[in-house]
Amino acid sequence: MIEEHIGFVYEITDTQTDMKYIGKKKFWSKVTRPPLKGKKNKRRSVKESDWKTYHGSSETVKALLENTGEWRFERKILRLCSSLGEMTYYEMKEQIDRDVLLKPKEYYNAFVGGKIHRRHLGHLIKKSD
């Protein structure tokens, strides 16, 4: 599944408070290592990210994880995405559709943002005959 996709949009639910967090995560991360002896160019490669254990970038969620542990949270993938633009678009769409910034008693999200251009979503745009 992850070979065919860049990443996903997810929802994390705090089972103690029923509060949620909406975010995105890539399956892969870029790694830059120093050049080999006698060479000038840095070595670049790709490795699998920590997506299997990732719980979001929210400082509140991170603190709760540290204090209470992973058992407190349920994680769910909402959508698999084929490009970074698609991932950003659908993360923002989920956040806006759910009014995450207007519902601080329901969502841990404190920020919504991203730059997306139509060309980033070209593979999603429906062609008319």
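Here we summarise the structure given alongside this text. (Residues numbered from 1 in each chain as written. Predicted model: local features only at pLDDT ≥ 70, side-chain atom pairs only at ≥ 80, totals over all residues. Heavy atoms only, no water.)

Bringing the overall build of the protein chain into the picture now. Looking only at helices and strands, one finds two helices and five strands in the protein chain. N-terminal to C-terminal, the α/β element order of the protein chain is β-β-β-β-α-β-α. The C-alpha extent of the protein chain, read off along each of the three principal axes, is 55 × 55 × 25 Å. In the protein chain, which comprises 129 residues, the proportion classed as buried is 32%. Taking as baseline every contact in the protein chain between residues at least 6 positions apart, the subset at least 24 positions apart corresponds to 58%. (Helix = DSSP H or I, 4+ residues; strand = E, 2+ residues; numbered from the N terminus. Buried < 20%, exposed > 50% of the residue type's maximum accessible area, 1.4 Å probe, protein only. Contact = heavy atoms within 4.5 Å.)

One number sums up the size of the largest pocket: a volume of about 240 Å³. Lining the largest pocket are 16 residues, with Tyr 21, Ser 57, Glu 91, Asn 109 and Phe 111 positioned closest to its centre. The element that contributes the greatest number of residues to the lining of the largest pocket is strand E2 (residues 20-26), accounting for three residues. For the lining of the largest pocket, the residue count by class is seven nonpolar, six polar and three charged. Ile 6, Lys 26, Trp 28, Ser 29, Lys 30, Val 46 and Leu 84 together form the lining of the second largest pocket. Per element, the largest residue contribution to the lining of the second largest pocket is three residues, and it comes from strand E3 (residues 28-33). Grouping the amino acids of the lining of the second largest pocket by side-chain chemistry returns four nonpolar, one polar and two charged. (1 Å grid on protein atoms, 1.4 Å probe; cavity = no way out; pocket = protein on both sides within 12 Å on 5 of 7 lines; lining within 4 Å. Points joined across faces, edges and corners; volume = space filled by probe spheres on them. Nonpolar A, V, L, I, M, F, W, Y, C, P; charged D, E, K, R; others polar.)

When glycine is set aside, most residues are seen to have a negative phi, and most peptide bonds are trans. We note that Asp 18 has phi near 65°; this positive angle belongs to a residue other than glycine. Topologically, Asp 18 is positioned in the loop between strand E1 (7-14) and E2. Under the relative-accessibility criterion, Asp 18 is labelled exposed at 52%. Positive phi is not limited to glycine here, since Asp 99 has a value of about 55°.

Tracing the sequence through the fold places Ser 82 in the loop between strand E5 (73-81) and helix H2 (84-97). Given a relative accessible area of 40%, Ser 82 falls into the partly exposed group. For the pair Ser 82 and Gly 7, spaced 75 residues apart in the sequence, the C-alpha separation amounts to 7.1 Å. In this structure Ser 82 touches Glu 4, His 5, Ile 6 and His 123, once residues within four positions along its chain are discounted.

The next point concerns the nonpolar core. One finds Phe 8, Tyr 10, Ile 12, Met 19, Tyr 21, Phe 27, Trp 51, Val 61, Leu 64, Phe 73 and Tyr 108 forming the largest nonpolar core, which totals eleven residues. Mapped by element, the contributors of at least two residues to this core are E1 and helix H1 (59-68). The leading source of residues in this core is E1, at three residues. Residues within four places of Tyr 108 in sequence aside, it is in contact with Asp 14, Thr 17, Met 19, Lys 20, Tyr 21, Ser 58, Thr 60, Val 61 and Leu 64. Judged by nonpolar contacts, the second largest core, of seven residues, contains Cys 81, Met 87, Val 100 and Tyr 107. (Core = buried A, V, L, I, M, F, W, Y, C linked by side-chain atoms within 4.5 Å.)

Just distances and angles here, no functional claims.
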